[in-house]
Amino acid sequence: MNASLEAQRSPASGETDLGEQEFTFASADFERVRKLIYQRAGISLHEGKRAMVYSRLSRRLRETGHRSFKDYLQWLESATGPSGDEEWQQFINCLTTNLTSFFREEHHFHALAEALRTMNGKAPRIWCCAASTGEEPYSILMTLAESLGERSGARLTASDIDTKVLATARQGVYAADARGLSPERLKRHFMRGTGANSGFIRVKPELAQMVEFKPFNLMTPRWAMGEPFDMVFCRNVMIYFDHDTQRKVLERIHSVMKPGGLLFVGHSENFTDARDLFTLRGKTIYQHV
């Protein structure tokens, strides 16, 4: 969530000065957005995100026909039924950030492969709780296939709060020059497009059938995840939460994992103050206590 320019507050009007504004965007509107996205998704937006919020939510104002953020937010909060649920989802989609690539933070996948080889043929259950556009879950699946084979019975649950990126993940189609893929992995795990699809690759069916994509909000109070997970990837998610929300999510992740299971987190995330839940095992890798 990177602001494209520094927002300044006008003392006289309380408006946010974002240059030539198409819509009215008062300081009170920004505070209202901050409150709503925190309540709905646990995301904590700081002052430097004003320009980002204006830019992203302006699309929804255009598409819904509103002329000010105040009007849009009033309408959003009063929206009910399926159409209201859909607009809340669009609101969340606009304000989530999805930066990803294949085999990002590669040391995690070496550690995953090593852990898989110690399971003595047991089929692991793995959860990727920030699937984004699919590069991370498919990287996990490639590691599974290379370590255990495509017929290991291993299953991956891949979720995200953003339904738009999940739709991309389900398709499993990427640019042929996608970053992070070796020639060997391109050949083994992907099909190359031809004709109108030239320049694109698609994940092979035998890999795609190992994953279930589904929308999931980490702020959901009760988690029904089925059998406990052996490994959980929750990378570069907690950086958008405040400390209390981080703790709450860690407790819930802990509750759906097997004792001794591994939690993989982002390079800038540190949970050493949650030693009652997880102990540090390696570089940004924690073990369920």
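The structure this text deals with has already been given above.
Okay, so let's go over this structure. (Residues numbered from 1 in each chain as written. Predicted model: local features only at pLDDT ≥ 70, side-chain atom pairs only at ≥ 80, totals over all residues. Heavy atoms only, no water.)

### Things to note about the environment of Val-53
And then number 1: Tracing the sequence through the fold places Val-53 in helix 2 (residues 50-64).
And then number 2: You can call Val-53 buried: its relative accessible area is 0%.
And then number 3: Linking Val-53 and Phe-30, residues 23 residues apart in sequence, is a C-alpha distance of 7.7 Å. (Helix = DSSP H or I, 4+ residues; strand = E, 2+ residues; numbered from the N terminus. Buried < 20%, exposed > 50% of the residue type's maximum accessible area, 1.4 Å probe, protein only.)

### A few points about helix 10 (residues 243-255)
And then number 1: Helix length check: helix 10, at 13 residues, gives a terminal C-alpha distance of 19 Å against a target of 18 Å (1.5 Å per residue), a fit within 8%.
And then number 2: Buried residues of helix 10: Thr-245, Gln-246, Val-249, Leu-250, Arg-252, Ile-253 and His-254, and no others.
And then number 3: Residues of helix 10 that are buried in the fold lie against helix 1 (27-41), strand 9 (229-234), strand 10 (257-265), strand 11 (278-282) and strand 12 (285-288). (Expected span 1.5 Å × (residues − 1). Contact = heavy atoms within 4.5 Å.)

### Considerations on the sheet that holds strand 10
And then number 1: As summarised here, the arrangement of the 7 strands in space is 8-4-3-9-10-12-11, forming an open sheet in which the pairing is mixed. In the strand order of this sheet, the two ends are held by strand 8 (211-215) and strand 11, each with one partner. Averaged over all adjacent pairs, the angle separating strand axes in this sheet is 20 degrees, with direction ignored.
And then number 2: As judged from the 3 bridges shared by strand 10 and strand 12, these two strands associate in the antiparallel manner. Its bridge partner being in strand 12, Leu-262 is matched across the sheet by Gln-287.
And then number 3: Strands in contact with helix 7 (residues 163-171) are strand 4 (155-160) and strand 8; relative to strand 8, the strand with the most contacts, it is inclined by about 165 degrees.
And then number 4: Taken strand by strand, helix 10 contacts strand 9, strand 10, strand 11 and strand 12, and its axis lies near 135 degrees from that of strand 10. (Pairing = 2+ DSSP bridges. Axes fitted to C-alpha atoms, helices over the stretch in contact; angles between N-to-C directions.)

### As for the pattern of salt bridges
And then number 1: Overall, the coordinates contain 13 salt bridges when judged by the stated rule.
And then number 2: Here Glu-63 ties to Arg-60 by a salt bridge, and the two come within 2.4 Å at their closest N and O atoms. A residue pair is termed a helical-turn pair when its members lie 3 or 4 positions apart in one helix, as Glu-63 and Arg-60 do in helix 2 at 3 residues.
And then number 3: Take Arg-60: its relative accessible area is 10%, and that puts it in the buried class. (Salt bridge = Lys/Arg side-chain N within 4 Å of Asp/Glu carboxyl O.)

As far as function goes, none of this settles anything; it's purely spatial.
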